[in-house]
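Inside the fold
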Number of protein chains: 4
Amino acid sequence: MRKKELIRLSATKIIARDGFCKTKVQSIADDAKIAVGTVYIYFKNKDGILDYIFETQHKKIVKLSEKLESQNIPPLEKIKKILRYHFEELRKNPDLSSVLAQEGKMPVVYGSPWIKDGFVGIPYIFQKMLDESKEIGEIRDIDTELFGAIIFFTGIETAYLLQIQGKQDKHYSEFNELVTFIINGIKS
Amino acid sequence: MRKKELIRLSATKIIARDGFCKTKVQSIADDAKIAVGTVYIYFKNKDGILDYIFETQHKKIVKLSEKLESQNIPPLEKIKKILRYHFEELRKNPDLSSVLAQEGKMPVVYGSPWIKDGFVGIPYIFQKMLDESKEIGEIRDIDTELFGAIIFFTGIETAYLLQIQGKQDKHYSEFNELVTFIINGIKS
Amino acid sequence: MRKKELIRLSATKIIARDGFCKTKVQSIADDAKIAVGTVYIYFKNKDGILDYIFETQHKKIVKLSEKLESQNIPPLEKIKKILRYHFEELRKNPDLSSVLAQEGKMPVVYGSPWIKDGFVGIPYIFQKMLDESKEIGEIRDIDTELFGAIIFFTGIETAYLLQIQGKQDKHYSEFNELVTFIINGIKS
Amino acid sequence: MRKKELIRLSATKIIARDGFCKTKVQSIADDAKIAVGTVYIYFKNKDGILDYIFETQHKKIVKLSEKLESQNIPPLEKIKKILRYHFEELRKNPDLSSVLAQEGKMPVVYGSPWIKDGFVGIPYIFQKMLDESKEIGEIRDIDTELFGAIIFFTGIETAYLLQIQGKQDKHYSEFNELVTFIINGIKS
DNA sequence: GATGAATGAGTGTTCATTCAT
DNA sequence: TATGAATGAACACTCATTCAT
């Protein structure tokens with residue numbers, strides 16, 4: 001596999017376990033069975049690794065949302081699809097949900113170069129969809145900026161909670177509960 | 001003020017700004033205008049300071065929930081009251097909402113000595129209330145363990161989001177939106 | 001002794017032996033019988049230690065030259081006195097002559113904060129004295145900027161050469177030879 | 001050009017700018033537009049590059065001195081000729097004068113394999129010439145070992161000083177001043 | 001010979017923690 | 001209690017060197 005991806009996967013595993021700050025670059029390298037120095041060929045520094053983890057996930061979602069935009073789907077449905085996709089990703093990679101939940105609000109992330117259209121950009125995508133939804137009367141009059149973010153972070157959080165509550169197997173049904181919760185919570 | 005409280009407040013301020021791991025004990029001491037050594041009279045170590053921040057907030061909520069238990073209030077109403085109280089606390093101390101949101105899921109917290117009946121204990125309180133609520137048919141048949149945690153963390157998250165979105169002044173109305181969102185989301 | 005001086009002396013010893021770049025901060029700390037961390041209480045970084053060594057020597061010479069300025073001494077005599085003083089310093093501390101000779105022309109030194117009136121400032125002091133000397137016809141028409149520097153660096157170099165040629169004991173007579181060499185070299 | 005020479009020239013440029021210790025082999029390779037690995041085909045290690053720079057210059061001077069030996073020239077004249085040749089070399093390659101002045105007294109150089117008859121050998125050549133000169137009464141009774149070295153290093157130093165004082169164009173006249181300085185300094 | 005990705009020992013620097021005052 | 005200088009283990013990052021291609 002491409003070395004950079006190898007490092008991303010090992011880093012996700014270790015950071016999920018130890019937390020970003022307590023994670024040693026050496027541990028990541030050990031897990032990836034490469035030398036420390038190699039990490040620094042692909043990443044400027046330790047922060048860069050975390051950035052890349054977020055960036056990768058961010059890109060996937062943005063790509064999906066762009067694809068959905070070109071389709072004629074009701075906005076709430078689009079939100080559901082993105083949530084489902086993201087949820088499925090996190091189910092397949094539980095460590096990722098830990099990292100996103102644990103490190104997703106760290107100041108370090110907000111100082112990242114990709115922040116301009118970064119992870120925080122996804123709440124904005126949700127906001128736009130909620131705006132559309134509001135216009136056609138699907139949902140009631142909520143603060144879409146706030147709820148865009150709430151919905152996004154609640155999604156990550158729920159995936160994380162399922163994991164620490166040992167309910168990985170119920171992912172599918174619990175996800176439906178979550179969607180029902182959200183939709184009922186905002187619909188007119 | 002009692003030195004220990006002084007340290008807690010300074011620590012909350014600094015940790016909110018820099019994140020726990022990047023925070024230096026020296027910075028906290030500087031902010032509190034005391035010597036580093038003094039911190040170690042009141043706290044076993046750096047982790048102990050974060051513990052104490054969570055513990056303090058936890059105790060307040062447990063105290064309130066115990067008081068509510070002795071009263072004859074519908075369970076959903078109890079949840080609302082606790083959320084409102086917590087929200088009000090976070091509004092008065094925005095740094096606290098940053099700390100709770102940023103560090104509340106860190107492994108470090110889960111390794112803390114007070115964890116047994118700790119911060120994570122609050123979701124359990126919510127769970128019990130949701131169970132009661134479910135029994136009397138106020139809400140539909142949800143996974144109360146999961147939703148106890150979702151509701152609790154969403155509360156903290158929302159307070160944090162209001163702050164970074166610069167909506168401190170709309171705290172009250174946004175809180176009502178959040179409560180409506182949650183109640184609508186779970187009611188039968 | 002003051003810790004900072006202790007570090008300066010140990011650093012001079014170790015740098016003379018290993019060269020600045022190959023010198024480990026740990027070695028300096030070991031020699032000074034203190035912890036590495038202590039070095040960083042007194043110095044911003046490793047470069048700062050070298051700066052301080054130069055700065056200290058520079059200040060001594062500037063002080064002497066200021067004292068001489070206030071006296072009614074022929075300029076060539078002033079140069080002799082400064083050279084003699086510096087030479088005597090280097091004889092008492094052979095390691096210092098190694099450091100000044102070896103590191104005195106490194107780019108690192110030229111990037112130092114004290115460079116404005118720094119070590120390179122001493123050649124300028126010599127230049128002024130040569131200018132005076134030229135005016136009164138003591139010496140011939142030389143490029144005083146160039147020879148100010150040549151005389152200064154030759155002084156350091158000679159002290160260094162005496163050391164590596166194992167002639168520390170002949171310091172006094174060799175110094176007189178050097179002075180004669182310089183004076184004969186520039187006089188009218 | 002032969003790769004080894006290419007590397008020597010690039011190394012001289014980079015070392016003059018950054019100092020030997022701070023110079024990365026990668027930088028030299030970049031400047032020479034070759035791969036790092038290639039450097040290690042022509043040189044055993046990084047020190048070897050510096051050795052070669054000195055060795056090259058040393059060989060030229062030894063060659064010249066051997067040629068001069070076979071001619072019937074007064075010893076002082078020989079010294080002048082060598083100095084002039086060396087000076088001219090340094091004028092054509094200012095980076096070289098920086099390297100020789102900056103690194104010529106480093107312990108690293110004294111640990112080099114070619115040191116036995118190495119760069120430090122040139123002072124010895126000068127010493128022999130001064131001995132001859134002293135015998136025929138051209139110069140006064142000086143410590144020829146010391147002055148052989150002083151004269152040699154002063155030559156390098158002066159070339160270096162001319163460069164940092166921005167007097168490259170005056171090289172010729174300044175050189176004559178230097179020679180006059182030295183000859184007057186040592187003659188009977 | 002030439003390459004440059006990979007290596008990993010080595011080092012500057014930080015910072016939680018201690019303890020003599 | 002309070003102090004803050006001193007400690008030294010720990011860690012991010014570098015870079016000379018190697019070797020499979």
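The structure under discussion appears in the preceding block.
Everything quoted here is computed from the prediction, not taken from an experiment. (Residues numbered from 1 in each chain as written. Chains lettered and ligands numbered in written order. Predicted model: local features only at pLDDT ≥ 70, side-chain atom pairs only at ≥ 80, totals over all residues. Heavy atoms only, no water.)

1. Let's talk about the relation of the copies chain A and chain B
For the match of chain A to chain B, the screw axis carries a shift of 0.0 Å, the RMSD comes to 0.1 Å, and the turn is 180°. Between the two chains, the operation in question is that of a two-fold axis. No C-alpha of chain A lies nearer the rotation axis than that of Gly185 of chain A, which sits 2.0 Å from it. Here 100% of the interface residues in chain A have copies in chain B that are interface residues too; the copies meet face to matching face. (Least-squares fit on C-alpha atoms with pLDDT ≥ 70 in both. Contact = heavy atoms within 4.5 Å.)

2. Observations regarding the protein's contact with DNA strand F
Surveying the vicinity of DNA strand F reveals 28 residues, the closest of which are Lys3 and Thr38 of chain B together with Lys3, Thr38 and Tyr42 of chain C. The sugar-phosphate share of atoms of DNA strand F within 4 Å of the protein amounts to 72%. Here Gly37 of chain C contributes a backbone N or O atom positioned 3.3 Å from a base nitrogen of DNA strand F. Lys46 of chain D places a main-chain nitrogen or oxygen 2.9 Å from a phosphate oxygen of DNA strand F. Of all the secondary-structure elements, those providing two or more residues to the surface near DNA strand F are α3 (36-42) of chain B, α3 (36-42) of chain C together with α3 (36-42) of chain D. (Near = heavy atom within 4 Å. Polar contact = N/O pair within 3.5 Å; in protein donor to acceptor, adjacent residues only side chain to side chain. Helix = DSSP H or I, 4+ residues; strand = E, 2+ residues; numbered from the N terminus.)

3. Describing the protein's contact with DNA strand E
Surrounding DNA strand E, one finds 29 residues, the nearest of these being Lys3, Thr38 and Tyr42 of chain A together with Lys3 and Ile41 of chain D. Of everything in DNA strand E that lies within 4 Å of the protein, sugar and phosphate atoms constitute 73%. Between DNA strand E and Val25 of chain C there is a distance of 3.2 Å, counted from a phosphate oxygen to a backbone nitrogen or oxygen. Here a phosphate oxygen of DNA strand E sits 3.0 Å away from a polar atom, N or O, in the main chain of Lys46 of chain C.

4. With respect to the arrangement of the chains
Over all C-alpha pairs, chain B and chain C never come within contact, reaching a minimum spacing of 14 Å. Between chain B and chain D there is no contact; the minimum C-alpha to C-alpha separation amounts to 30 Å.

5. Remarks on the interface of chain A and chain B
Taken together, the 42 residues of chain A in the interface contact 42 residues of chain B. Of the roughly 3500 Å² buried where chain A meets chain B, counting both sides, 62% is carbon and sulfur surface. The interface formed by chain A and chain B holds 5 salt bridges in total. A salt bridge links Asp143 of chain A to Lys167 of chain B, with the shortest nitrogen-to-oxygen separation between them at 3.0 Å. Here chain A is connected to chain B by 8 residue pairs in polar contact (both at pLDDT 80 or more). Elements represented by at least two residues in the side of chain A that touches chain B include exactly α1 (3-18), α6 (94-103), α7 (107-110), α9 (144-164) and α10 (171-186) of chain A. Of all the elements, α9 of chain A adds the most residues to the side of chain A that touches chain B, at 13 residues. The class makeup of the residues in the side of chain A that touches chain B is 20 nonpolar, 8 polar and 14 charged. (Buried area = accessible area lost by both parts, 1.4 Å probe. Salt bridge = Lys/Arg side-chain N within 4 Å of Asp/Glu carboxyl O. Nonpolar A, V, L, I, M, F, W, Y, C, P; charged D, E, K, R; others polar.)

6. Considerations on the interface of chain D and chain C
Many analyses report the size of an interface as the accessible area lost when the parts associate. With 43 residues of chain D at the contact, the number on the chain C side is 42 residues. Summed over both sides, the interface of chain D with chain C buries roughly 3500 Å², with 61% coming from carbon and sulfur. Viewed at the interface, chain C and chain D are joined by 4 salt bridges. Of all the secondary-structure elements, those providing two or more residues to the side of chain D that touches chain C are α1 (3-18), α6 (94-103), α7 (107-110), α9 (144-164) and α10 (171-186) of chain D. Among the elements that take part in the side of chain D that touches chain C, α9 of chain D stands out by supplying 13 residues, more than any other.

7. Structural notes on the pattern of salt bridges
Opposite charge on two side chains allows them to pair when their charged atoms are near. What the rule picks out here adds up to 53 salt bridges over all chains. A salt bridge links Lys60 of chain A to Glu89 of chain A, with the nearest nitrogen and oxygen atoms 3.0 Å apart. With a gap of 29 residues between them, Lys60 of chain A in helix α4 (residues 46-69) and Glu89 of chain A in helix α5 (residues 75-92) connect regions that are remote in the sequence. For Glu89 of chain A, a relative accessible area of 11% corresponds to the buried category. A salt bridge links Lys92 of chain B to Glu89 of chain B; its shortest N-O distance comes to 3.7 Å. Here Glu89 of chain B and Lys92 of chain B lie together in helix α5 (residues 75-92), a separation of 3 residues that amounts to about one turn. A single network of salt bridges, built from pairs that share partners, joins Lys60, Glu89 and Lys92 of chain A. (Buried < 20%, exposed > 50% of the residue type's maximum accessible area, 1.4 Å probe, protein only.)

8. Let's talk about helix α1 (residues 3-18) of chain C
Working note: α-helix, 3.6 residues per turn, so residues spaced by three or four point in the same direction. Residues and elements named next belong to chain C. With 16 residues, α1 extends 22 Å between its outermost C-alpha atoms, agreeing within 8% with the 22 Å of an ideal straight helix rising 1.5 Å per residue. Taken together, the buried positions of α1 are occupied by Glu5, Ile7, Arg8, Ser10, Ala11, Thr12, Ile14, Ile15 and Ala16. The inward-facing, buried residues of α1 abut α2 (25-31), α3, α4 (46-69) and α6 (94-103). Note on α1: the residue one or two positions beyond its end, Gly19, has a positive phi of about 85°. (Expected span 1.5 Å × (residues − 1).)

9. Focus on the packing of aromatic side chains
Considering all chains together, one arrives at 22 aromatic pairs over all chains under this definition. Ring centres of Phe147 of chain A and Phe181 of chain B lie 5.1 Å apart, and the angle between their planes is 75°; on these two criteria the pair is classed as edge-to-face. Linking Phe147 of chain A in helix α9 with Phe181 of chain B in helix α10 (residues 171-186), this pair reaches from one chain into another. Put simply, the rings of Phe147 and Phe181 of chain A together with Phe147 and Phe181 of chain B pair up and form one aromatic cluster. Just above the ring of Tyr52 of chain D sits the side chain of Lys4 of chain D; from NZ or CZ to the centre is 4.4 Å. Just above the ring of Phe20 of chain D sits the side chain of Lys46 of chain D; from NZ or CZ to the centre is 4.8 Å. (Phe/Tyr/Trp six-rings, centres within 6.5 Å; stacked < 30°, edge-to-face > 60°. Lys NZ or Arg CZ within 6 Å of the ring centre and 35° of its normal.)

In short, geometric facts, not functional conclusions.
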